[in-house]
Amino acid sequence: MSQGETQGLYGALAALIAASDPQERANILARGAADIAHSRFSSALLFVDDALVVATAPEGATGFRLRDGSHELRRLFLHALARFERNGVCFVPRDKQRVLAGVSPSALDCDLLFVPLIASQKTIGVVAVGLDLALHEAAQGDLAAFCSVATHVLDTSRALAAAHRLSRDSQLLAMVNERLHKSLDRKDVLGGIVSGVRSAFNADTCTIFERSGNARIVPVASSAPFVDAPTTAIELESELRKVFSGLAARRDDYDTGHDAAKGGARSAIGVPFIVDGKIENALVLESSQPHAFDDADISALRSLAFHVGLALSNARLYERERARRTQAESLERVVRILRDTQYVDEVLLVFVVTTSHELPIDCFAYVLDGDALVRRAMRSRDSSRGFVPLDRVERAGLEPFLVVDDPSDSALLPRAAREALFGDGSGVVVPLRIDGNLWGLIAMRSVDGGFTWPQDERAMFVRTLASHLEIALANAHAYERERRRAQERETLAEAARTILGQVDLPTLAEVMSRLAASLVDAEQACVLRWMGDRYGVVGSYGGAVEDLIARTGLALDMRVTQAMGIGPEERRVQRLIEGAGFAVAPLVHGAGDGPTDAIDAFLLVGAKGDIRFGRDRLRLLQELGALTALALRNLELYAASTDANRALHESNQFKDDLLAMLAHDFRGPLTVIEGYCELLMENANTNSEEIETIYAQAKRLVRLAEDALALAHSQGESFALEQTPTDFARYVAENLTEIAPNNPRVVFAPGENGIMVELDRSRFRHVLDNLISNALKYSGEEIVVNVSKKGGRAVLEVTDRGIGIPQGDLATVFSRFGRGSNARNQGIEGSGIGLYVAKKIAEAHRGRIQVRSKENAGSTFSVDLPLLPAHERTTTSDLSRSI
């Protein structure tokens with residue numbers, strides 16, 4: 001080999017060391033071998049991972065090549081060469097080349113010399129030389145030496161590349177761990193690695209894609225702005241979907257139709273990120289250079305994807321835990337606010353506002369109203385103000401989703417219901433139940449097109465939130481119900497006071513009609529009452545009621561009984577009859593002059609149009625009807641009682657007048673008889689005993705007449721006292737001389753003089769006369785009369801030691817015709833009205849009369865009167881007091 005050729009080989013080896021591209025290295029090897037062998041052609045085949053790199057010199061010559069670069073074909077090719085191996089080279093003459101027919105499509109008419117490139121007991125390539133003449137031994141040695149040095153260079157380059165890749169991979173993993181230490185947010189992790197990955201693999205761009213909620217594949221992180229990112233991206237509609245199905249992809253065939261100068265990608269590689277067993281992201285590297293990525297890059301990216309998947313799993317756990325804490329805090333705030341809310345509308349409004357504020361959602365509350373759901377509250381966030389759900393949604397379209405308790409995704413709803421509640425967005429609906437019955441629903445619309453937490457967690461959180469809302473609604477319903485019932489009770493109590501205070505039937509009926517219309521928000525109301533031959537209106541409210549009566553179907557000339565119906569379409573609510581636009585409350589059942597089950601009065605109320613009254617209003621109407629029926633009954637009883645009282649008063653007045661007349665008329669003749677008896681007793685010498693008997697009976701009749709007259713006066717409405725300031729002790733002493741003149745059995749023991757009281761001197765004489773007469777009558781011994789002051793009152797006491805009063809008769813001795821049983825048994829005469837009249841007169845003087853007695857030991861009767869105040873004791877004018 002000449003010196004020039006030697007220098008050329010050194011230059012080729014130097015170029016081989018400097019080259020990094022496999023194709024460039026193959027070209028250098030082919031040219032070096034051709035320079036040494038001076039052959040027809042020289043081909044270099046390099047095995048680079050799964051690829052086969054082939055170069056032939058001189059350029060344009062037909063060289064040796066393999067059918068493909070598969071590992072199996074390589075193994076067959078090297079096995080065939082091993083049969084011809086001699087001293088590190090394989091010479092295959094042209095007549096033996098049929099053994100290569102299966103692995104190579106080349107049909108060459110020359111001998112072939114192969115030099116395997118073996119490094120670390122592994123064949124990394126082959127140099128093939130086409131010879132027309134046999135290569136002499138020196139040239140063959142030079143070729144073997146050149147290939148040996150080239151093999152060492154290639155092996156060293158591969159080792160350096162492997163070390164570089166290992167360092168790169170370590171740096172990438174360190175970068176991922178560093179991102180995890182800085183932030184556990186998923187977007188931060190993905191956004192933080194794209195620039196490092198792009199730089200590590202010498203790519204033009206690094207982009208991370210994810211599959212969105214509507215199955216579209218969109219970029220979420222990129223080393224370049226999304227608007228400037230290459231559009232090739234391994235043909236998004238095909239290759240990326242392979243990546244998202246779990247396969248790594250590499251494309252090196254973008255040579256045609258892509259201008260590298262304009263930023264078109266000529267090679268790309270993609271790997272999936274597997275998180276919690278699911279492929280959620282894909283990383284794509286793109287380069288404007290062809291064959292920019294090899295199998296080692298795929299392996300490195302797979303390792304990176306594995307670690308990023310673990311990082312994303314940790315980030316997912318962190319996000320879930322943070323989301324749970326956020327949800328728990330949000331739930332606590334919502335529940336705390338709901339706890340302080342009392343009314344249903346306030347509960348709904350507070351719930352939708354608070355929930356929309358705590359979560360990135362729009363929230364709408366619907367309430368069941370017949371066959372439709374009516375929106376009662378809503379809250380939309382700023383980014384979605386353009387969408388407003390329908391005010392009314394038909395229940396039929398949501399029926400399958402209202403019978404379950406779990407939330408239902410909007411994607412499952414019928415199209416009409418989904419568009420009505422969510423528009424082009426997504427979300428969930430959850431039914432609301434109170435006491436086991438469907439009450440309404442809550443619709444939660446995601447502002448960003450999808451909820452960020454997993455579906456099972458979302459369902460559990462929404463259901464928990466709805467459960468607390470149901471509890472708050474149940475409490476609000478109970479509060480409103482109790483408050484409404486309290487108001488109703490207060491209204492009914494006021495109505496009862498108003499109604500029961502009426503004593504005139506037309507006024508009562510008018511007031512009752514006005515109250516009924518006010519309580520149930522009716523337009524008209526009236527009261528019908530049986531007039532003997534037909535029902536007539538006795539009171540009304542709201543103008544003419546003929547149309548209302550006609551609407552109820554009542555036949556006014558036929559008396560209604562409990563068993564009769566009023567119309568074919570009405571339905572009964574307890575005692576009420578209710579139809580479209582009216583309600584009838586039976587009030588009074590007939591009695592006496594008609595059938596026992598006849599209904600003599602009705603309360604009619606009419607609504608606007610054909611609106612039916614709700615159950616609560618019917619209950620109110622029923623209670624008002626009961627009050628009205630009671631008022632009508634009270635009115636009847638009041639009228640009957642007034643008539644009876646009038647008759648009784650007239651009877652009592654007649655009795656009192658008759659008694660007063662008889663007592664007055666008896667007293668005149670008896671006084672005459674008494675006078676003549678006194679004359680006869682003074683002059684008669686015979687029959688004196690009979691005359692005394694007549695005289696005693698006459699005096700008894702006079703006393704009876706006086707008692708009867710006093711009783712009649714005390715019962716009369718005109719009974720009054722003519723009171724004057726009186727010295728009580730002096731008054732008693734003066735009257736004793738008249739009541740029992742010179743009677744030694746009467747002992748007067750005044751305590752002190754100057755005890756001033758106000759007395760009707762004439763009427764109080766009856767009290768004193770009765771007590772003295774009774775004491776003398778029921779006792780054969782002396783009696784003691786005493787006047788004293790006790791506890792700021794004047795006290796008169798009359799004490800005897802006679803037959804006394806049995807203990808059982810003390811309670812009735814001051815009642816009308818009350819007497820002791822022992823007096824009756826002993827035949828002692830008496831009427832039993834004296835003490836009764838004495839009590840009435842004493843009470844008229846603001847005094848009290850009492851008795852202390854023991855049978856067979858005597859009695860003490862006492863009368864206490866209020867003392868006259870000191871500043872009035874000089875007053876001489878008469879005072880008049882009525883009772």
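Reading the values: rules and limits
Residues numbered from 1 in each chain as written. Predicted model: local features only at pLDDT ≥ 70, side-chain atom pairs only at ≥ 80, totals over all residues. Heavy atoms only, no water. Buried < 20%, exposed > 50% of the residue type's maximum accessible area, 1.4 Å probe, protein only. pLDDT = per-residue confidence, 0-100. Helix = DSSP H or I, 4+ residues; strand = E, 2+ residues; numbered from the N terminus. Contact = heavy atoms within 4.5 Å. Patch = residues over 30% accessible without salt bridge, like charges linked within 9 Å, V, L, I, M, F, W, Y side chains within 5 Å. Areas by Shrake-Rupley, 256 points an atom, 1.4 Å probe, with all protein chains shown as cover. Salt bridge = Lys/Arg side-chain N within 4 Å of Asp/Glu carboxyl O. Pairing = 2+ DSSP bridges. Polar contact = N/O pair within 3.5 Å; in protein donor to acceptor, adjacent residues only side chain to side chain. Axes fitted to C-alpha atoms, helices over the stretch in contact; angles between N-to-C directions. Parallel < 35°, antiparallel > 145°, perpendicular 65-115°, else oblique. Left-handed = near helix turned anticlockwise from the far one by under 90°. Nonpolar A, V, L, I, M, F, W, Y, C, P; charged D, E, K, R; others polar. Core = buried A, V, L, I, M, F, W, Y, C linked by side-chain atoms within 4.5 Å. Expected span 1.5 Å × (residues − 1). Arc of directions from axis to C-beta.

**Here's the deal with unusual backbone geometry**
Part 1 of the argument: That bond from A57 to P58 is cis: its omega, -5°, falls within 30 degrees of zero.
Part 2 of the argument: At R846, a position not held by glycine, the phi torsion is positive, near 60°.
Part 3 of the argument: For R846, a relative accessible area of 47% puts it in the partly exposed group.

**Structural notes on the confidence of the model for the protein chain**
Part 1 of the argument: Across the protein chain, pLDDT averages 79, with 83% of residues at or above 70.
Part 2 of the argument: Predicted confidence in the protein chain is weakest over strand β32 (residues 879–882), with a mean pLDDT of 34, and strongest over strand β31 (residues 858–866), with 93.
Part 3 of the argument: Long-range and interchain partners of residues 227–237, a stretch whose pLDDT sits below 50, account for 26 contacts in this model, where long-range means more than four residues apart.
Part 4 of the argument: Low pLDDT (under 50) marks residues 255–263, which in the prediction has 8 contacts with non-local residues, meaning those over four places away or in another chain.

**Overview of a nonpolar patch on the surface**
Part 1 of the argument: On the surface, a nonpolar cluster with roughly 320 Å² of combined accessible area is contributed by V672, Y676 and L679.
Part 2 of the argument: Along the chain, the position of Y676 falls in helix α14 (residues 615–683).
Part 3 of the argument: Exposure remark for Y676: the relative accessible area of 54% places this residue in the exposed category.

**Description of the environment of P431**
Part 1 of the argument: On the secondary structure map, P431 appears in strand β16 (residues 427–434).
Part 2 of the argument: Sequence separation between P431 and S467 is 36 residues, and the spatial gap between their C-alpha atoms is 9.9 Å.
Part 3 of the argument: Ignoring sequence-local partners within four residues, the contact set of P431 consists of F401, L402, V404, D405, D406, L438, G440, L441, R463 and E470.

**Re the pairing of strand β29 (residues 793–800)**
Part 1 of the argument: With 7 of 8 residues buried, β29 lies mostly within the body of the structure.
Part 2 of the argument: In terms of strand pairing, strand β28 (residues 783–790) meets β29 through 7 bridges, oriented antiparallel. Counted as the bridge partner of K790 is R793 from β29.
Part 3 of the argument: Linking two consecutive strands that pair antiparallel, namely β28 and β29, is a turn of 2 residues; a positive phi of about 60° is found at G791 within it.

**Some points on the side chain of S39**
Part 1 of the argument: One can find S39 in the loop between α2 (22–37) and β1 (41–48).
Part 2 of the argument: Residue classification places S39 among the buried positions, given a relative accessible area of 16%.
Part 3 of the argument: Within polar-contact distance, the side chain of S39 engages the backbone oxygen of F41 at 2.7 Å.
Part 4 of the argument: In contact with S39, other than residues within four places in its own chain, are A34, V129, G130 and L131.

**As for the sheet that holds strand β30 (residues 848–854)**
Part 1 of the argument: Read across the sheet, 5 strands follow the order β26-β28-β29-β31-β30 without closing on themselves; strand pairing throughout is mixed. Sheet topology places β26 (746–750) and β30 at the edges, where each strand pairs with a single neighbour. Each strand of the sheet is rotated relative to its neighbour by a mean of 15°, with strand direction disregarded.
Part 2 of the argument: Summarising the sheet, β29 and β31 pair through 8 bridges and their orientation is antiparallel. Residue pairing in the sheet places V798 in a bridge with F861 of β31.
Part 3 of the argument: This element, helix α17 (residues 761–778), spans β26, β28, β29, β30 and β31 of the sheet and lies at about 25° to β29.

**Quick look at the packing of α17 against helix α19 (residues 834–844)**
Part 1 of the argument: Where α17 meets α19, the closest approach of the two axes is 9 Å, and the angle between their N-to-C directions is 140°. Judged on the interaxial angle alone, α19 and α17 are oblique. Taken as a pair, α17 and α19 cross one another with a handedness that is left-handed. Seen from α17, the contacting residues are R763, F764, H766, V767, N770, L771 and N774; seen from α19, they are G834, L835, V837, A838 and I841.
Part 2 of the argument: Looking at the contact of α17 with α19, its residues break down into 7 nonpolar, 4 polar and 1 charged.

**Some thoughts on the nonpolar core**
Part 1 of the argument: Residues F728, V732, F764 and I772 are the most contacted members of the largest nonpolar core, which totals 39 residues.
Part 2 of the argument: Those elements that place two or more of their residues in this core are α16 (728–739), β27 (756–759), α17, β28, β29, α19, β30 and β31.
Part 3 of the argument: Apart from the residues within four sequence positions on either side, I772 is in contact with L736, I739, I783, V785 and V798.
Part 4 of the argument: Grouped together as the second largest cluster of nonpolar side chains are 34 residues, A19, A37, L135 and A150 included.

**Observations concerning the pairing of β1**
Part 1 of the argument: Of all 8 residues in β1, 7 are buried; the element is thus mostly enclosed.
Part 2 of the argument: As judged from the 6 bridges shared by β1 and strand β6 (residues 122–131), these two strands associate in the antiparallel manner. Opposite A44, over in β6, you have V127 as the bridge partner.
Part 3 of the argument: Of the strand pairs in this sheet, β1 and strand β2 (residues 51–57) are connected by 7 bridges, and their pairing is antiparallel. Bridging across to β2, L45 finds its partner in V54.
Part 4 of the argument: Counting the residues in the hairpin turn of β1 and β2 gives 2 residues, including D49, whose phi is positive at 50°.

**A few points about α16**
Part 1 of the argument: The first and last C-alpha atoms of α16 sit 16 Å apart over 12 residues, in line with the 16 Å expected at 1.5 Å per residue.
Part 2 of the argument: Buried within α16 we find F728, A729, Y731, V732, N735, L736 and I739. One side of α16 holds all its buried residues, which, seen down the axis, span an arc of 155°. Relative to its buried face, α16 has exposed residues pointing more than 90 degrees away, namely R730, T737 and E738.
Part 3 of the argument: Where α16 begins, the capping side chain belongs to D727, and its oxygen is found 3.3 Å from the backbone nitrogen of A729.

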